[in-house]
Amino acid sequence: MSTTAVVFALVGAFMVGFSAASMFLGAKWVVEPLVEYGVPRSWWTLLATAKAAGAVGLVVGVFVPAIGIAAAIGVALYFAGAVITVLRAKSYAHVAFPVIYAAPAVVALALGFNG
């Protein structure tokens, strides 16, 4: 795995992990948009757990490429769902945020978790 891919994987892990922690802690800037988008409160812990698992998977992926590939795909799919949710809520000004969170994982995946 190239140094650049490692950096992107770790930056992605930090960003997604931060997002997960913010959601677990109920940070206003995270939960208010969820309410606005109509995401049921009962889903929040599951969604935060999925983000945390993606962050851990990106870190583990630096050492176990198959885990990194799975994690990067999972993070990309998670945030693709977030983009769809934002678009369905017609909150177009917020579309960039899930894209920004997904970008490092997607770049790491494109650069290759090839060991």
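Residues numbered from 1 in each chain as written. Predicted model: local features only at pLDDT ≥ 70, side-chain atom pairs only at ≥ 80, totals over all residues. Heavy atoms only, no water.

## What about the side chain of Ser 91?
Then, in step 1: Structurally, Ser 91 is set in the loop between helix H4 (65-88) and helix H5 (96-111).
Then, in step 2: A distance of 3.3 Å separates a polar atom in the side chain of Ser 91 from a polar atom in the side chain of Glu 36.
Then, in step 3: Ignoring anything within four residues of it in the chain, the contact list for Ser 91 reads Glu 36, Tyr 37 and Val 86. (Helix = DSSP H or I, 4+ residues; strand = E, 2+ residues; numbered from the N terminus. Polar contact = N/O pair within 3.5 Å; in protein donor to acceptor, adjacent residues only side chain to side chain. Contact = heavy atoms within 4.5 Å.)

## Some points on a nonpolar patch on the surface
Then, in step 1: A contiguous nonpolar surface patch, about 600 Å² in accessible area, is contributed by Leu 10, Val 56, Val 59, Val 60, Phe 63, Val 64 and Ile 67.
Then, in step 2: Structurally, Ile 67 is set in helix H4. (Patch = residues over 30% accessible without salt bridge, like charges linked within 9 Å, V, L, I, M, F, W, Y side chains within 5 Å. Areas by Shrake-Rupley, 256 points an atom, 1.4 Å probe, with all protein chains shown as cover. Salt bridge = Lys/Arg side-chain N within 4 Å of Asp/Glu carboxyl O.)

## Quick notes on the UniProt feature "transmembrane region" (unreviewed entry) in the protein chain
Then, in step 1: What UniProt calls "transmembrane region" (unreviewed entry) maps, in this numbering, to residues 50-80 and 92-113.
Then, in step 2: Taken end to end, residues 50-80 is 90% helix and 0% strand, and its first and last C-alpha atoms sit 13 Å apart. (UniProt positions renumbered as here; feature names shortened; annotations may be inferred.)

## Notes on the layout of surface pockets
Gaps between atoms show up when a probe of the same size as a water molecule is rolled over them.
Then, in step 1: Taken as a whole, the largest pocket holds about 630 Å³ of empty space.
Then, in step 2: Along its surface, the largest pocket is lined by 23 residues, and Leu 34, Tyr 37, Lys 51, Tyr 78 and Ala 82 are the ones closest to its centre.
Then, in step 3: Mapped onto the lining of the largest pocket, the elements with two or more residues apiece are helix H1 (3-24), helix H2 (28-37), helix H3 (44-61), H4 and H5.
Then, in step 4: The element best represented in the lining of the largest pocket is H4, accounting for 7 residues.
Then, in step 5: Taken together, the residues of the lining of the largest pocket sort by class into 16 nonpolar, 5 polar and 2 charged. (1 Å grid on protein atoms, 1.4 Å probe; cavity = no way out; pocket = protein on both sides within 12 Å on 5 of 7 lines; lining within 4 Å. Points joined across faces, edges and corners; volume = space filled by probe spheres on them. Nonpolar A, V, L, I, M, F, W, Y, C, P; charged D, E, K, R; others polar.)

## Here's the deal with the packing of aromatic side chains
Then, in step 1: Using the criterion set out here, one finds 4 aromatic pairs in the structure.
Then, in step 2: A centroid spacing of 5.8 Å and a plane angle of 20 degrees characterise the contact between Phe 18 and Trp 29, whose relative ring orientation is stacked. Of the two residues, Phe 18 is situated in helix H1 and Trp 29 in helix H2; the sequence distance between them amounts to 11 residues.
Then, in step 3: Plain terms: the ring middles of Phe 79 and Tyr 101 are 5.8 Å apart, the flat faces sit at 15 degrees to each other, and that makes the pair stacked. Placement of Phe 79 in helix H4 and of Tyr 101 in helix H5 is noted, with a sequence separation of 22 residues between them. With respect to class, Phe 79 is no different from Tyr 101; both count as buried.
Then, in step 4: Linked through ring pairs, Phe 14, Phe 18 and Trp 29 together constitute an aromatic cluster. (Phe/Tyr/Trp six-rings, centres within 6.5 Å; stacked < 30°, edge-to-face > 60°. Buried < 20%, exposed > 50% of the residue type's maximum accessible area, 1.4 Å probe, protein only.)

## As for the nonpolar core
Then, in step 1: With 28 residues, the main nonpolar core has Met 23, Leu 34, Trp 44, Leu 58, Val 75, Phe 79 and Phe 113 as its most contacted residues.
Then, in step 2: Here this core takes 7 residues from H4, the largest share from any one element.
Then, in step 3: Setting aside its immediate chain neighbours within four residues, Trp 44 contacts Met 23, Val 31, Leu 34, Val 35 and Val 39. (Core = buried A, V, L, I, M, F, W, Y, C linked by side-chain atoms within 4.5 Å.)

## What to know about the pattern of salt bridges
Then, in step 1: Applying the stated criterion to the full structure yields 1 salt bridge.
Then, in step 2: A salt bridge links Glu 32 to Lys 28, with the nearest nitrogen and oxygen atoms 3.9 Å apart. With Glu 32 and Lys 28 both in helix H2 and 4 residues apart, the pair spans about one turn of that helix.

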